[in-house]
Amino acid sequence: MRIRFTKMQGAGNDFVVLDETRGRLGLSTAQYRWLADRHFGIGADQILSVRPSPGEGLDFAYAIHNADGGEVEHCGNGARCFVRYVHEKGLSERNPLRVQVKNGVLELRRHSDGRVTVDMGAPVFELDRVPFDATGPAAVPMAGFERWPLALAGAEAPIVWLSVLSMGNPHAVLLVDDVDTAPVALWGPLIESHVRFPQRVNAGFLQVVNRGEVRLRVYERGAGETLACGTGACAAVVAGVRLGLLDERVDVHTHGGVLSIEWQDNATHNAPVLMTGPATTVFDGEVEVPELG
């Protein structure tokens, strides 16, 4: 099967974008995995499939598949690329756009400077909705939030302390002194696949520079460490605010660029998180996708 695609990136988090507005391509898990493969396919952290509106009040829907071929709930950097894609391809002129993803509805606004703001919705703190198994060792409070102990089998430090929440997908945020020396490659996969996260988790390594600036590395579920993670940046800032370390507007420095996150916390912690950052088209192409089961 020969398909057209667009390669895009947002702060270095890169995507293969597919147009399924006229019909589903019917790709298998193995074919999504092949498209994401940097040696045998196109290469991407995730595959975004643009689909028609599923109902009234919505402009589009889109599906997100990780590099391992599995479908996931949410991707902030991908959402920004989605807006640029549908505008550049003439699929819509509306601004803002309302888009359905697996775990809810996003509102996306493109600015005149090319940056895109995504209303990421409110964070979720109910542990069964993250999901996270709270029956193990108990959390320790810090300011207005909790940090949970997690035993990492075979790691240099047997216990790490994590703040747990969901941004439509599960996140665990770990405070570190220096992201450059943080053991992301060692601890990331151990946190991602830990038994207390039944659907696995994105592991964020957060260094607080000051109350308005942080540095972040994220080991993404099903993709490994990426140059940037939009939902990870949102989760890190939300955790930092609730831990009393950050103000409501924070610049998040990733290896791929800077994302601006705003979260005006309230008494019920249900305010939406706003993320603003770049979205760039890299190239268009066609590829012959092999028949894979």
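Look up a bit, the structure's there.
Residues numbered from 1 in each chain as written. Predicted model: local features only at pLDDT ≥ 70, side-chain atom pairs only at ≥ 80, totals over all residues. Heavy atoms only, no water.

Draft legend 1. Examining the overall build of the chain more closely. In terms of helices and strands, the chain carries four helices and 19 strands. Its C-alpha atoms give the chain a radius of gyration of 18 Å, within 12% of the compact-globule value 19 Å for 293 residues. With respect to the three principal axes, the spread of C-alpha positions in the chain is 50 × 40 × 35 Å. Within the chain, buried positions represent 53% of all 293 residues. In the chain, 61% of the contacts between residues at least 6 apart in sequence involve partners at least 24 apart. Across the chain, the mean location of the 27 positive side-chain charges is 3 Å away from that of the 36 negative side-chain charges. (Helix = DSSP H or I, 4+ residues; strand = E, 2+ residues; numbered from the N terminus. Rg over C-alpha atoms; globule rule 2.2 N^0.38 Å. Buried < 20%, exposed > 50% of the residue type's maximum accessible area, 1.4 Å probe, protein only. Contact = heavy atoms within 4.5 Å. Lys, Arg positive; Asp, Glu negative; His and termini not counted. Charge placed at Lys NZ, Arg CZ, Asp CG, Glu CD.)

Draft legend 2. Quick look at the pairing of strand β2 (residues 13-19). With respect to burial, β2 is a largely interior element, six of its seven residues being buried. With five bridges connecting them, strand β1 (residues 2-10) and β2 associate as antiparallel partners. Counted as the bridge partner of Gln9 is Asp14 from β2. The antiparallel hairpin formed by β1 and β2 contains two residues in its connecting segment, where Ala11 sits at a positive phi of about 55°. Direction of pairing for β2 relative to strand β3 (residues 46-52): parallel, over a ladder of five bridges. Bridge pairing in β3 links Asp19 to Val50. At this point the chain moves from β2, through helix α1 (residues 29-36), to the parallel β3, and the crossover so formed is right-handed. (Pairing = 2+ DSSP bridges. Right-handed = clockwise from strand over helix to strand, strands pointing away.)

Draft legend 3. Main features of the nonpolar core. Core analysis: the largest hydrophobic core is formed by 55 residues, its most contacted members being Tyr62, Phe82, Leu108, Val118, Val252, Ile261 and Val273. When residues in this core are grouped by element, the largest group, eight residues, is from helix α4 (residues 230-242). Among all residues touching Tyr62, those that are not within four sequence positions of it are Leu48, Ser49, Val50, Arg51, Cys75, Gly78, Ala79, Phe82, Val99, Gln100, Val101 and Leu106. (Core = buried A, V, L, I, M, F, W, Y, C linked by side-chain atoms within 4.5 Å.)

Draft legend 4. Summary view of the pattern of salt bridges. Across all of its chains, the model carries 22 salt bridges by this definition. Of the charged contacts in the structure, one is a salt bridge between Glu286 and Arg4, with a shortest N-O distance of 3.2 Å. Of this pair, Glu286 sits in strand β19 (residues 280-288) while Arg4 sits in strand β1, and the two are 282 residues apart along the sequence. In this structure, Arg115 and Asp113 form a salt bridge, with 3.1 Å as the shortest nitrogen-oxygen distance. (Salt bridge = Lys/Arg side-chain N within 4 Å of Asp/Glu carboxyl O.)

Draft legend 5. Spatial organisation of α1. The buried count for α1 comes to six of eight residues, which makes it a mostly enclosed element. Restricting attention to buried positions, one finds in α1 the residues Ala30, Gln31, Tyr32, Trp34, Leu35 and Ala36. Looking at the buried side of α1, the elements it contacts are β1, β2, β3, β4 (60-66) and β19.

Draft legend 6. Summary view of the pairing of strand β8 (residues 116-119). By the bridge criterion, four bridges tie strand β7 (residues 104-110) to β8 in an arrangement that is antiparallel. Across the sheet, Leu108 pairs through a bridge with Val118, a residue of β8. Once β7 ends, the chain turns through five residues before running back antiparallel as β8, passing Gly114 with a positive phi of about 95°.

Draft legend 7. Broad picture of the environment of Met8. Looking at the secondary structure, you find Met8 in strand β1. Considered as a pair, Met8 and Phe82 are 74 residues apart in the sequence and their alpha carbons are 9.1 Å apart. Apart from the residues lying within four places of it in its own chain, the contact partners of Met8 are Asn13, Asp14, Phe15, Val17, Cys81, Arg84, Tyr85, Thr280, Thr281 and Val282.

Draft legend 8. Region of interest: unusual backbone geometry. In this structure, Pro96 follows Asn95 across a cis peptide bond, with omega equal to 10°. Secondary-structure assignment places Pro96 in the loop between α2 (76-88) and β6 (97-101).

Draft legend 9. Quick peek at the packing of aromatic side chains. Applying the stated rule across the entire model yields seven aromatic pairs. When the ring of Phe5 is compared with that of Phe283, the centres are 5.9 Å apart and the planes differ by 80°; the resulting orientation is edge-to-face. Here Phe283 lies in strand β19 and Phe5 lies in strand β1, a separation of 278 residues in the sequence. On the basis of relative accessible area, Phe5 is assigned to the buried category, the value being 7%. Using a relative accessible area of 36% as the deciding quantity, one classes Phe283 as partly exposed. Aromatic pair Phe125 and Trp263: ring centres 6.4 Å apart, planes at 50°, arrangement tilted. (Phe/Tyr/Trp six-rings, centres within 6.5 Å; stacked < 30°, edge-to-face > 60°.)

Draft legend 10. Spotlight on the environment of Val83. Relative to the assigned elements, Val83 resides in helix α2. For the pair formed by Val83 and Asn210, sequence separation is 127 residues and the distance between their alpha carbons is 31 Å. Beyond its immediate chain neighbours, meaning those up to four positions away, Val83 contacts Leu97, Leu108, Arg110 and Val116.

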